[in-house]
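Fold and geometry: a report
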Amino acid sequence: MHPALFYRYLDESGGQCLLCQRRCKIAPGKSGYCGTRKNLDGKLFSLTYGRVASMRISPIEIKPLFHFYPGSRWLSMGSLGCNFLCPGCQNWEIAHADVEKELPSLRFVPPGEAVRLAREGRCKGISWTYNEPTLWFEYTLDSARMAREAGLLTNYVTNAYLTVEALDLLGPCLNAFRADLKGFSDETYKRMANIDGFGGILKILARAKNFWGMHVEIVTNLIPGMNDQEVELKGMARWICDCLGAETPWHVTRFFPCFKLAHLRPTSITKLERTREIGLEVGLKYVYLGNVPGHPSENTYCPDCGQLLIERLNYQVLQDHLDGTCCGYCGHSIAGYF
Ligand code: SF4
């Protein structure tokens, strides 16, 4: 149990959690929607501080982050719980676990130990991933501050549904933001994540990039019949281009049936390729396909001369033809950190 940030006392009937945009009102003895924050005697506590459900060293490509130190190793950590309810969740065993029941079986890894493990593992930094990292915010904040002092970098693999206040506390010590954009209408977000309104997510993405200067890459997992309407995909691509910049990488990934959408078919390759075309047509320079091993659109090409710069297969970098941060053929500057 760790005291939670972003809580306001309302009255004896409860308080309100202001960590994410659900802004749950929580009565004494109860937890919020995500199951990770509990009101005990009028005070809010984080149940999952340092409680690790998954931890391994993995390449940055698996996040995916393609323009942020390609080929680097990251200590990747996740806990339990989620503030979304996505019917096609790939990590539903941890995202929708019974948090209080599972807690005793989880390993406790204090922030200092996470930093030590990252350094011993020759990692570039720490990635909070697998479940929504916002939900163990206090832990990631303490760890990010220590990581920065130790010369390590950090990233969030997130649904970007945290509040502006939370982002602004983390902003000075978070380097990269790999965020989902699941749709481009309130209706789609309701269907995809069970939330009311997605405008706040766009605000967070723009603020992470344009105010805090984080490196931002966007992922859209394309689910047949759920979020693959061309008009929304065009709107999404245009928004990324206009508000985050034409050089923002957009990863369009293939859905495989699971959880409550086990009856659907995997996304067709044709649909993925058409979506990539939409992104390129609106002006995005780096649109990748994911979960399609061996597809040429997993590679990075120079947007100026068209040469292959980074070849990838199964999250490994096979070839790298960059010259520092520039194309090794024509010298064009490539966006990101290399
Ligand atoms: S973090 Fe959890 S408890 Fe807090 S507002 Fe979001 S869903 Fe509710």
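So, here's what we can say about the structure.

Cut-offs applied
Just so you know, the residues in each chain are numbered from 1, in the order the chain's sequence is written. At least 70 in pLDDT is required for a residue's local features to be given in this predicted model, at least 80 for side-chain atom pairs to be given and counted, and no such filter applies to totals for whole chains, interfaces and linings, which use all residues. Excluding hydrogens and water, the side-chain figures rest on all heavy atoms present in the structure. Among buried residues, the Ala, Val, Leu, Ile, Met, Phe, Trp, Tyr and Cys ones that are joined through side-chain atoms within 4.5 Å form a nonpolar core. Note on exposure labels: buried denotes an accessible area under 20% of the residue type's maximum, exposed denotes more than 50%, and partly exposed covers the range between, all computed with a 1.4 Å probe on protein chains only. Helix and strand assignments come from DSSP, with helices taken as H or I runs of at least 4 residues and strands as E runs of at least 2, each series counted from the N terminus. Only heavy atoms matter for contacts: two residues are in contact if any of them lie within 4.5 Å across the pair. One bridge is not enough; two strands pair if DSSP finds at least two bridges between them. Throughout, the term near means that a residue has one or more heavy atoms lying within 4 Å of the molecule or strand in question. Using protein atoms alone on a 1 Å grid, points that fit a 1.4 Å probe yet trap it form a cavity, whereas open point sets bounded by protein on both sides within 12 Å along at least five of seven lines form a pocket; residues with an atom within 4 Å of a point count as lining. By definition, a pocket or cavity contains a molecule when more than half of the molecule's atoms lie within 2 Å of the pocket's grid points. Grid points are joined across faces, edges and corners, and a volume is the space filled by probe spheres set on the points. In this classification, the charged set is Asp, Glu, Lys and Arg, the nonpolar set is Ala, Val, Leu, Ile, Met, Phe, Trp, Tyr, Cys and Pro, and all remaining amino acids, among them Gly, are polar. Each domain span listed reflects an automatic or database assignment of domains.

With that out of the way, let us pick up the nonpolar core. Ranked by internal contacts, the top residues of the largest apolar core, which has 73 residues, are Met 77, Phe 177, Leu 181 and Leu 205. In terms of residue count, the dominant contributor to this core is helix α8 (residues 230–244) (seven residues). Among all residues touching Phe 177, those that are not within four sequence positions of it are Tyr 156, Thr 158, Ala 160, Leu 162, Leu 167, Ile 204, Leu 205, Ala 208, Met 214, His 215, Val 216 and Glu 217. Judged by nonpolar contacts, the second largest core, of ten residues, contains Cys 302, Leu 309, Ile 310 and Leu 322.

This part is about the sheet that holds strand β6 (residues 43–46). Overall, antiparallel pairing links the three strands, which are arranged β1-β6-β5 in an open sheet. Each having just a single partner strand, β1 (2–3) and β5 (37–40) make up the two edges of the open sheet.

This part is about unusual backbone geometry. Of note, the amide linkage connecting Lys 63 to Pro 64 takes the cis form, showing an omega dihedral of -5°. Within the secondary structure layout, Pro 64 lies in the loop between β8 (54–59) and β9 (73–78). For Tyr 69, which is not glycine, the phi dihedral falls at a positive 50°. For Tyr 130, which is not glycine, the phi torsion reads 75° and is therefore positive.

Neighbouring residues of the ligand: 13 residues in total, closest Cys 17, Cys 20, Arg 23, Cys 24 and Cys 34. Most atoms of the ligand, that is more than half of them, are within 2 Å of grid points of the largest cavity.

Time to look at the layout of surface pockets. In this model, the largest pocket occupies a volume close to 1100 Å³. What lines the largest pocket is a set of 44 residues, and nearest its centre among them are Lys 63, Gln 90, Asn 91, Arg 178 and Asp 180. In terms of residue class, the lining of the largest pocket is made up of 17 nonpolar, 17 polar and ten charged. Counting the residues that make up the lining of the largest pocket, at least three belong to each of domain 2 (51–303) and domain 3 (304–338). In this structure, the lining of the second largest pocket is formed jointly by two domains, domain 2 (51–303) and domain 3 (304–338), each of which donates at least three residues.

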